[in-house]
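# Residue-level structure breakdown
Now for the letters of each chain:
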Amino acid sequence: MLRGRWIGMLLLCLVVAGVFAWLGQWQLERAIETDPPPPGVTEQVRPLSDVVEPGQYLAEPLVGQRVETSGTWIPDDFLVVSSRFNDGVEGFWVTGQLRVDERVSIAVAIGWAPDRAAADAAVERLAAEADGRPVGVAGRIISDEGPSVPPRSDPERLDRMSPAALLSRWHDTEQLDVYRPYLASTTATAGLEDISSPAPDEQSPVNWLNVFYAVEWAIFAGFAFYLWYRLAKDAWEREVEEFEDAAAAENV
C-alpha cells in the first residue's frame, strides 16, 4: 500500500470520494426545506400572475394554491374531459379557454357533470353566453396531468386534464402563450356542479427521497476506499502466492 502506484490510486479514490461527499451534501441541502411555506398559505387567494407565469412549470409548494384572475371565454373552446371524480363519483368536467390577456390563455375546469348529456348541455350554454365580456374566475391552480392516448373507439375523447392536449383543439392559437397548469374553478356555472377540490395536504419539510440519495452517495464514497483496499490486497496476495510458488520451485 505504500508503493507509489497504490498511493496514487489512493489519491484518486480520495478525489472520487470527495466528489461523492459533495453530491451527498448537495442532496441533503435540498432534502430539508429551511423556509417551508406556513400552514394554510395555499388558502390565501392570490393573483394568478403572482403565482406562475405563462409557459412556466408550477412549483411544488404552489400546487393547489387558490388564485383569482379575469378574462374572456373563447366561445368555440369549451371541451369535455371524461373520467373526472367528484367526491368519489365519476363524471365529466367542462373546460374552457380563458383569455386572460392579449395572446395569453389558461385552461379552466369550469364545473362537474354527472353524465355526458349534462356536460354537453353546459357546453352549449357556455358557448351561447360567451359574449366577450370579462369574467372573474377563482379557484385552485393545479399542475398539468399530461396528455393520454384516446381509445380507438372514441378518438376525440379526453381523459386527462392537460392544457397541452386542450391547446391542440383550441382555436385562435397562433403565437398564443398558455399557462402550463390549469385552474379548477371554485364556483361552477351553466348548471354544472362545483368541483370538489379540497386544500392540499401540508407538506413535510423533509424530502426523504433526497435523504435516501444522500445516503447512497455516502455509501459510494465508502466503496471507493474499499475498492482501493481490495485491489491493493489482491495485488499483495498475488505477489505472496508468486513468492511461495518460486520458493517451492527452488526447493524441488
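Heads up: the structure comes first, above all this text.
So, a few notes on the structure that sits alongside this text. Bear in mind the structure is a predicted one, so any value in this text is a computation, not a measurement.

### Remarks on the pattern of salt bridges
- Per the stated rule, a full pass over the model turns up 12 salt bridges.
- The partner of Arg84 in a salt bridge is Glu145, and the shortest N-O contact between them spans 2.9 Å. Residue Arg84 is located in strand E3 (residues 79-86), and its partner Glu145 is located in the loop between strand E6 (135-142) and helix H4 (163-167); the two are separated by 61 residues in the primary sequence.
- Shared partners join several salt bridges into a network, and the residues in it are Arg84, Glu145 and Arg160.

### Observations regarding helix H3 (residues 116-129)
- Taking 1.5 Å per residue as the helical rise, H3 with its 14 residues ought to reach 20 Å, and the 20 Å between its terminal C-alpha atoms agrees with that figure.
- The complete set of buried residues in H3 reads Ala119, Ala122, Val123 and Leu126. Taken around the axis of H3, the buried residues stretch over an arc of 105 degrees, which confines them to a single face. Exposed side of H3, more than 90 degrees from the buried face: Ala117, Glu124 and Ala128 are the residues found there.
- The inward-facing, buried residues of H3 contact E3, strand E4 (89-101) and strand E5 (104-113).

### Some words on the pairing of E3
- Burial of E3 is extensive: six of the eight residues sit out of reach of the surface.
- As defined by bridge partners, E3 adjoins E4 across six bridges and the pair is classed as antiparallel. Of the residues in E4, the one forming a bridge with Val81 is Trp93.
- Once E3 ends, the chain turns through two residues before running back antiparallel as E4, passing Asp87 with a positive phi of about 55 degrees.

### Focus: the packing of aromatic side chains
- Applying the stated criterion across every chain yields a total of seven aromatic pairs.
- Arranged with centres 5.4 Å apart and planes meeting at 35 degrees, the rings of Phe20 and Trp217 form a pair that is tilted. Here Phe20 is found in helix H1 (residues 4-31), whereas its partner Trp217 is found in helix H5 (residues 208-251), with 197 residues between them in sequence.
- Ring plane angle 50 degrees and centroid distance 6.2 Å describe the contact between Phe212 and Tyr213, whose orientation is recorded as tilted.
- The partly exposed category is assigned to Tyr213, whose relative accessible area is 32%.

The rules we used
- Residues numbered from 1 in each chain as written.
- Predicted model: local features only at pLDDT ≥ 70, side-chain atom pairs only at ≥ 80, totals over all residues.
- Heavy atoms only, no water.
- Salt bridge = Lys/Arg side-chain N within 4 Å of Asp/Glu carboxyl O.
- Helix = DSSP H or I, 4+ residues; strand = E, 2+ residues; numbered from the N terminus.
- Expected span 1.5 Å × (residues − 1).
- Buried < 20%, exposed > 50% of the residue type's maximum accessible area, 1.4 Å probe, protein only.
- Arc of directions from axis to C-beta.
- Contact = heavy atoms within 4.5 Å.
- Pairing = 2+ DSSP bridges.
- Phe/Tyr/Trp six-rings, centres within 6.5 Å; stacked < 30°, edge-to-face > 60°.

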